[in-house]
Amino acid sequence: YSHQWAKELNNTIEIRTQDFTDYNNVLFTESLQWMYFTGGEPLIVNEYWETLERLIAQGVSKNISLRYNTNLSTLKYKDKNIFDIWNQFKNVELVFSIDAVGEPLSYIRSGSDWLRIKANLEEVITHNVDVCISPVVSVLNIWFLADLLRYAQSVGLTVKPVILSGPDFLGLGVIPDSLKDHALNTVTEIEKLKVLSQSDINHIRALIVNNDSQGLLPHTIAHILYLDRVRNENLFDLLPFDTVAKDIIV
């Protein structure tokens, strides 16, 4: 349900909504202890802030913990101070969704502004907010993951990756035999940083070694090149696919 994706794919989608007030009697009770907001990007959705302000006005917010999945693209919402609102709650936890740092991020998550996001993150961690970094590990960002992990180390944050399971043409299993050593060397570099759990490292390595979806690589390359053209971007130029793509593109 993304208007941006629909526009890029020249498609029309229906965004279905639910009147949140239908759940007032169920949700806003004395037993409410925590709320988990995911998205889209929750920090820019009006209903989220109306909900929090209602809980503050009712005098129950200090008993409630909040958790968000957010890309931290903004800390401002209208005239509201996010920290003034969050300070009224028992605890706030942010799962920071980011797949790379610097230039690769701006292409993998199109429109992302790394410098602004970095500034927002570093402001958040000066407040009483729990933060962990949660990248989606895929064929698009495995090549840049070590830089993200080094940044996480520099600001003292834990990393809890989500290893992509679909769509399969963007998974680690599409990495072809000719790029397997390159990818595995990257995994070894990541392992030495000791940021990810060994089970995550083993999972990533196994997907690359088995590469049982490498037959989908033409689909992967076509997808990247199509989005680069639509977005006027150059993610393909940052990826190590140039040699294996020549025959496919021709």
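It should be noted that the structure appears before, not after, this text.
Residues numbered from 1 in each chain as written. Predicted model: local features only at pLDDT ≥ 70, side-chain atom pairs only at ≥ 80, totals over all residues. Heavy atoms only, no water.

(A) Expanded view of the nonpolar core. Among the nonpolar cores identified, the biggest contains 76 residues, and Leu66, Tyr68, Trp86, Trp143 and Phe241 are the most heavily contacted of them. Every residue in contact with tyrosine 68, bar those within four places of it in the chain, is listed here: Tyr36, Phe37, Pro42, Leu43, Trp49, Leu52, Trp86, Val92, Glu93, Leu94 and Val95. (Core = buried A, V, L, I, M, F, W, Y, C linked by side-chain atoms within 4.5 Å. Buried < 20%, exposed > 50% of the residue type's maximum accessible area, 1.4 Å probe, protein only. Contact = heavy atoms within 4.5 Å.)

(B) Quick peek at the pattern of salt bridges. As enumerated under the stated definition, the model contains eight salt bridges in all. Arginine 150 serves as the salt-bridge partner of aspartate 147, at 2.8 Å between the closest nitrogen and oxygen. On the criterion of helical spacing, the pair formed by aspartate 147 and arginine 150 is a turn pair, its members being three residues apart in helix H7 (residues 145-154). The partly exposed category is assigned to arginine 150, whose relative accessible area is 35%. Note that glutamate 189 is salt-bridged to arginine 150, the shortest N-O span being 3.1 Å. (Salt bridge = Lys/Arg side-chain N within 4 Å of Asp/Glu carboxyl O. Helix = DSSP H or I, 4+ residues; strand = E, 2+ residues; numbered from the N terminus.)

(C) Quick look at the sheet that holds strand S1 (residues 34-37). Taken in spatial order, the five strands make up an open sheet running S1-S2-S5-S6-S8, and their pairing is parallel. Because the sheet does not close on itself, it has two edges, and the strands there are S1 and strand S8 (158-159). Across two bridges, the pairing between strand S6 (residues 130-133) and S8 is parallel. Bridge assignment links isoleucine 133 to a residue of S8, and that residue is valine 159. (Pairing = 2+ DSSP bridges.)

(D) A look at the packing of aromatic side chains. Applying the stated rule across the entire model yields seven aromatic pairs. Taking 6.2 Å as the distance between ring centres and 25° as the angle between the ring planes, the aromatic pair formed by tryptophan 49 and tyrosine 77 counts as stacked. Of the two residues, tryptophan 49 is situated in helix H3 (residues 46-57) and tyrosine 77 in strand S3 (residues 76-77); the sequence distance between them amounts to 28 residues. Comparing tryptophan 49 with tyrosine 77 shows no difference in burial state: the two are buried. Considering the side-chain rings of phenylalanine 83 and tryptophan 86, the 5.8 Å spacing of their centres and the 85° angle between planes classify their relative orientation as edge-to-face. Taken together, the residues phenylalanine 83 and tryptophan 86, both in helix H4 (residues 82-86) and three residues apart, mark about one turn of the helix. Taken as a pair, phenylalanine 83 and tryptophan 86 share a single burial class, namely buried. One aromatic cluster is present, formed by Phe37, Tyr48, Tyr68, Phe83 and Trp86 through successive ring pairs. A cation sits over an aromatic face here: arginine 54 above phenylalanine 28, 4.1 Å from the ring centre. Positioned above the aromatic ring of tyrosine 36, the side-chain terminus of arginine 67 is 5.4 Å from the ring centre. (Phe/Tyr/Trp six-rings, centres within 6.5 Å; stacked < 30°, edge-to-face > 60°. Lys NZ or Arg CZ within 6 Å of the ring centre and 35° of its normal.)

(E) Structural view of the pairing of S1. Residues Met35 and Phe37 line the buried face of S1, whereas the alternating positions Trp34 and Tyr36 sit on a face that is not buried. The pairing of S1 with strand S2 (residues 65-70) spans four bridges and is parallel. If you follow methionine 35 over to S2, its bridge partner there is leucine 66. Traced from S1 through H3 to S2, the parallel crossover comes out right-handed. (Right-handed = clockwise from strand over helix to strand, strands pointing away.)

No statement about biological role is implied by the geometric values presented.
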